[in-house]
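# Coordinates in review
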Amino acid sequence: MAELLWRPSEQRIQKTNMYRFMNIVNDRHDLGLRDYDGLYQWSIANISDFWAAMWDFGGIIASRPYTEVVDDPGKMPGAKWFAGAYLNFAENLLRFRDDRTALIFKGEGRAVRLTYARLYDEVARLADSLKRLGIAPGDRVVGFMPNVPETIVAMLAAVSLGAVWSSCSPDFGIKGVLDRFGQIMPRVLFTTDGYFFKGREHDSLRRMADILKEIPTIEKVVVVPYVAKQPDIGFVPGAVHYDDFKSAASGLEIEFRQLPFEHPLYIMYSSGTTGLPKCMVQSAGGILIHHLKELMLHTDLTRADTIFYFTTCGWMMWNWLTSSLAVGATVVLYDGNPFHPHPGVLWEMAQDEKITVFGTSAG
């Protein structure tokens, strides 16, 4: 048998979210669960009770309560979860509006910090502009964006109105973007003028002109300046600078559209190795409660944490990382090559920003 390399102390175990959750379950159901194995076995034998407890533990904000956790847990696909519940995904991620740091961005091009209060204000201003454009529940809003704060702002603004968000990394070629966005008929597209990789600037706008020819449903292209301070957008049909599009008003309140638990939130894609990428629609309530379960129980995330995952906006880990805002943690974003200008760049960032949860891909 392999040697156990490390075991947390009992004191450390008792300070975890998982331990606190187990005690709540014990009190609620008059149980005597003592460890993870016992809690796990109870969770799979009592599916409705587990998810009801997770709903409360995650502090999910809903304008209408659910009437039933699940109608038939053995039916997959097709089971109906949390029937009757109405909520908004963005409202749950923007529950904190104080001066604690929400986002730290570091990339090859710039560095930015946003507090929770500033993040709320930025989302409110962008949501106001999207609403004036007529964006409504079910409309698709997409991002051809690097992993910058404006991507998160755009996503939250869109889904606050009930729109569906989808994103691709700007290193995708034209065909890769068309294979994905061409299937979902978006109305608004967010893009930067370019991005940085290994110290070099890469243009995005030239590709954008070609993409728009093939997706006629796109009414507005919102360009975030990243490589240049005032990029030339005159040759891109329907393009507007991000600061010109965003409402100039301050102190706006977001009117979070309340929608059913199963209302679509994200459209993600398979790899496309067997034909066109397959669209996968994920629901607002389902993603919210599942991410909260993973972040709070399995990652032991709290407001005191600073969390990082090396990802682009074309990978599902971007979506997972963004949900950390619902816990009130500080989220660190990085864009660029993780080995530029040297192999220790991410580890230096972990040290400098005091990152407590560090995630990265195998590569």
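Report on the accompanying structure. All values reported here derive from a predicted model rather than from experimental measurement.

### Focus on the overall build of the chain
Within the chain one finds 13 helices and 19 strands. Taking 2.2 N^0.38 as the reference for a compact globule, 363 residues should give roughly 21 Å; the C-alpha atoms of the chain span a radius of gyration of 21 Å, in line with that estimate. Taking the principal axes of the C-alpha coordinates as reference, the chain spans close to 65 × 50 × 50 Å. Buried positions account for 51% of the 363 residues belonging to the chain. When contacts within the chain are restricted to residue pairs at least 6 apart in sequence, long-range pairs at least 24 apart make up 69% of them. Taking the 36 positively charged and 41 negatively charged side chains of the chain as two groups, their mean positions are separated by 2 Å.

### Points about the side chain of Asn337
Looking at the secondary structure, you find Asn337 in the loop between strand S18 (330-335) and helix H13 (345-352). Once you skip the residues sitting within four places of it in the chain, Asn337 turns out to touch Glu108, Phe197, Lys198 and Val345.

### Here's the deal with helix H3 (residues 36-45)
Of the positions making up H3, those classed as buried are Leu39, Trp42 and Ser43. The buried residues of H3 occupy one face: seen down the axis, they fall within an arc of 100°. For H3, the exposed residues set more than 90 degrees away from the buried face come down to Asp37 and Ala45.

### Some details on the side chain of Ser324
Counting through the fold element by element, Ser324 comes out in the loop between helix H12 (316-322) and S18. Classification of Ser324 by relative accessible area gives buried; the value is 0%. In this view, Ser324 contacts Tyr116, Leu295, Leu301, Ile307, Ala329 and Val331; residues no more than four positions away in its chain are not counted.

### What to know about the pattern of salt bridges
A complete count under the given rule lists 15 salt bridges for this structure. Notably, a salt bridge pairs Asp98 with Arg303, separated by 2.8 Å at the nearest N-O pair. Note that Asp98 is positioned in the loop between helix H5 (89-93) and strand S5 (101-107) and Arg303 in the loop between helix H11 (284-298) and strand S17 (306-309), a separation of 205 residues in sequence. Residue classification places Asp98 among the partly exposed residues on the basis of a relative accessible area of 26%. Here Asp210 and Lys213 are joined by a salt bridge, their closest N and O atoms 3.7 Å apart. Pair noted here: Asp210 and Lys213 are both in helix H9 (residues 205-214), with a separation of three residues, about one helical turn. Since its relative accessible area comes to 34%, Asp210 is described here as partly exposed. According to the relative accessible area criterion, Lys213 is exposed, its value standing at 64%.

### Considering the packing of helix H6 (residues 116-132) against helix H7 (residues 149-160)
At a closest axis distance of 8 Å, the pairing of H6 and H7 adopts a crossing angle of 55°. In terms of orientation, H6 and H7 fall into the oblique class. Both H6 and H7 take part in a crossing whose hand is right-handed. Along its contact with H6, which presents Leu119, Glu122, Val123, Leu126, Ala127 and Leu130, the element H7 presents Val153, Ala154, Leu156, Ala157, Ala158 and Ser160. Classifying every residue of the contact of H6 with H7 gives ten nonpolar, one polar and one charged.

### Some points on the environment of Trp6
Locating Trp6 in the fold gives a position in the segment before helix H1 (10-13). In this structure, the C-alpha to C-alpha distance between Trp6 and Tyr334, residues 328 residues apart in sequence, is 30 Å.

### Concerning the packing of aromatic side chains
All told, the structure shown has 20 aromatic pairs when counted by the stated rule. Note on Trp55 and Phe82: the rings are 4.8 Å apart at their centroids and 25° apart in plane angle, and the pair reads as stacked. Placement of the pair is Trp55 in helix H4 (residues 47-57) and Phe82 in strand S3 (residues 81-83), with a sequence separation of 27 residues. A relative accessible area of 1% means that Phe82 is categorised as buried. The side chain of Arg206 reaches across the aromatic face of Phe235, ending 4.0 Å from its centre. Its guanidinium or amino end placed over the ring of Phe96, Arg303 lies 4.0 Å from that ring's centre, counting from NZ or CZ.

### Quick notes on the sheet that holds strand S4 (residues 86-87)
Strand order in the open sheet made by the three strands is S1-S4-S14, with antiparallel pairing throughout. At either margin of the open sheet sits one strand with a lone partner, and together these are strand S1 (62-64) and strand S14 (259-260). Inspection of the sheet shows S4 paired to S14 by two bridges, in the antiparallel sense. By the bridge assignment, Leu87 is partnered in S14 with Leu259.

### A look at H7
Between the first and last C-alpha of H7 there are 17 Å, a value that for twelve residues agrees with the 16 Å anticipated at 1.5 Å per step. Of all twelve residues in H7, twelve are buried; the element is thus mostly enclosed. Immediately beyond the C-terminal end of H7, within one or two residues, lies Gly162, with a positive phi of roughly 90°.

Scoring rules and cut-offs
Residues numbered from 1 in each chain as written. Predicted model: local features only at pLDDT ≥ 70, side-chain atom pairs only at ≥ 80, totals over all residues. Heavy atoms only, no water. Helix = DSSP H or I, 4+ residues; strand = E, 2+ residues; numbered from the N terminus. Rg over C-alpha atoms; globule rule 2.2 N^0.38 Å. Buried < 20%, exposed > 50% of the residue type's maximum accessible area, 1.4 Å probe, protein only. Contact = heavy atoms within 4.5 Å. Lys, Arg positive; Asp, Glu negative; His and termini not counted. Charge placed at Lys NZ, Arg CZ, Asp CG, Glu CD. Arc of directions from axis to C-beta. Salt bridge = Lys/Arg side-chain N within 4 Å of Asp/Glu carboxyl O. Axes fitted to C-alpha atoms, helices over the stretch in contact; angles between N-to-C directions. Parallel < 35°, antiparallel > 145°, perpendicular 65-115°, else oblique. Left-handed = near helix turned anticlockwise from the far one by under 90°. Nonpolar A, V, L, I, M, F, W, Y, C, P; charged D, E, K, R; others polar. Phe/Tyr/Trp six-rings, centres within 6.5 Å; stacked < 30°, edge-to-face > 60°. Lys NZ or Arg CZ within 6 Å of the ring centre and 35° of its normal. Pairing = 2+ DSSP bridges. Expected span 1.5 Å × (residues − 1).

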